[in-house]
Amino acid sequence: MNLILLGPPGSGKGTQGRKLAERLGIPQISTGDILREAVREGTPLGMKAKAYMDQGKLVPDEIVIGIIRERLEAKDTKKGAIFDGFPRTVPQAEALDRIMEELGRKIDAVIDIEVSDEEVLRRLTGRRTCRDCGAMYHVVFNPPKKEGLCDVCGGELYQRDDDKEETIKNRLRVYREQTEPLETYYEQKGILRRVKGEASIEEVEKEILEFLGIEGRDA
Ligand code: AMP
């Protein structure tokens, strides 16, 4: 199963992607995570990407397409993958179609998680992320059991640089202008499914699983 999670920053793509990847036994491919790792390690890729990310802008298409092409050559993606945060522009979606075709694979479904701008701001200004395993929390809506520490691995929780109000507003603008047109792109292919993302994590998960025909297993 190859699945794309579409939706604005803070819509729950990362959270739902982790759950789905675990349940389906396929990797979650997050271009944001890959880029943040490169920034942390100070690689040439990271150095190029950092300025864009800090401003809430998109990293150029050719860079992220290259990342995806390389990632899809790894064996663990043969059975499928959950794409989280990619594609984000029409040229990225077209490139993904070409790469998948070359590999004899196809995108089975695109889940569009809908959330309003106001809710995105509320969620992201309170979001905390684990430095070690990437698990996500919210200081009010989904706090960790011990303040500042990850429930899953005990790692330190931090606020992403781009989860600051001004940058969030930029990321939202970029999403509405450059990524939202992908809804039409996938709608025309007949594989888009819209999900209301302002429900609880469990409810959103249940709706996605029902749509994928894997409901009922302790969702
Ligand atoms: P995310 O973790 O998905 O919110 O991504 C964080 C940042 O990484 C974005 O604001 C972009 O600067 C960059 N980024 C991640 N994925 C992409 C992509 N598919 N295309 C361009 N830039 C991306």
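As the structure is a computational prediction, the values presented were derived from the model and not from experiment. (Residues numbered from 1 in each chain as written. Predicted model: local features only at pLDDT ≥ 70, side-chain atom pairs only at ≥ 80, totals over all residues. Heavy atoms only, no water.)

In this structure, L72, F83, L96, I107, V110 and Y186 are the most contacted members of the largest nonpolar core, which totals 29 residues. Mapped onto this core, the elements with two or more residues apiece are strand 1 (2–6), helix 3 (44–54), helix 4 (61–72), strand 3 (81–84), helix 5 (90–102) and helix 8 (181–188). By residue number, the principal contributor to this core is helix 4, which donates six residues. Excluding its chain neighbours within four sequence positions, the residues that come into contact with L96 are I4, I68, L72, F83, F86, P87, I107 and Y186. By size, the runner-up hydrophobic cluster in this structure holds 15 residues, among which are L3, V195, L209 and L212. (Core = buried A, V, L, I, M, F, W, Y, C linked by side-chain atoms within 4.5 Å. Buried < 20%, exposed > 50% of the residue type's maximum accessible area, 1.4 Å probe, protein only. Helix = DSSP H or I, 4+ residues; strand = E, 2+ residues; numbered from the N terminus. Contact = heavy atoms within 4.5 Å.)

What follows covers the site of the ligand. Around the ligand there are 16 residues in total, and T31, R36, K57, G85 and Q92 lie nearest to it. At a separation of 3.0 Å, a nitrogen atom of the ligand approaches a polar backbone atom of V59. Within the backbone of G85, a nitrogen or oxygen atom sits 2.9 Å from a nitrogen atom of the ligand. If the ligand stood free it would expose 480 Å²; the protein chains cover 96% of that surface. (Near = heavy atom within 4 Å. Polar contact = N/O pair within 3.5 Å; in protein donor to acceptor, adjacent residues only side chain to side chain. Areas by Shrake-Rupley, 256 points an atom, 1.4 Å probe, with all protein chains shown as cover.)

A few words now on the pattern of salt bridges. Side chains carrying opposite charge are able to pair once their charged atoms draw close together. Per the stated rule, a full pass over the model turns up 25 salt bridges. Put simply, E165 and K169 hold a salt bridge, and the shortest N to O gap is 3.3 Å. Placement of both E165 and K169 in helix 7 (residues 165–179) is noted, with a separation of four residues, approximately one turn of the helix. The exposure class assigned to K169 is partly exposed, which follows from its relative accessible area of 33%. (Salt bridge = Lys/Arg side-chain N within 4 Å of Asp/Glu carboxyl O.)

Take the sheet that holds strand 5 (residues 127–130) next. Hydrogen bonds between backbone atoms are what pair the strands of a sheet, whose relative direction is either parallel or antiparallel. Pairing is antiparallel across the open sheet formed by three strands, whose spatial order is 6-5-7. Edge strands, defined here as strands with exactly one partner in the open sheet, are strand 6 (136–138) and strand 7 (157–158). Sheet topology places strand 5 next to strand 7; two bridges connect them, and they run antiparallel. Of the residues in strand 7, the one forming a bridge with C130 is L157. Sheet contacts for helix 6 (residues 117–125): strand 5 and strand 6; angle to strand 5, the most-contacted strand, approximately 50°. (Pairing = 2+ DSSP bridges. Axes fitted to C-alpha atoms, helices over the stretch in contact; angles between N-to-C directions.)

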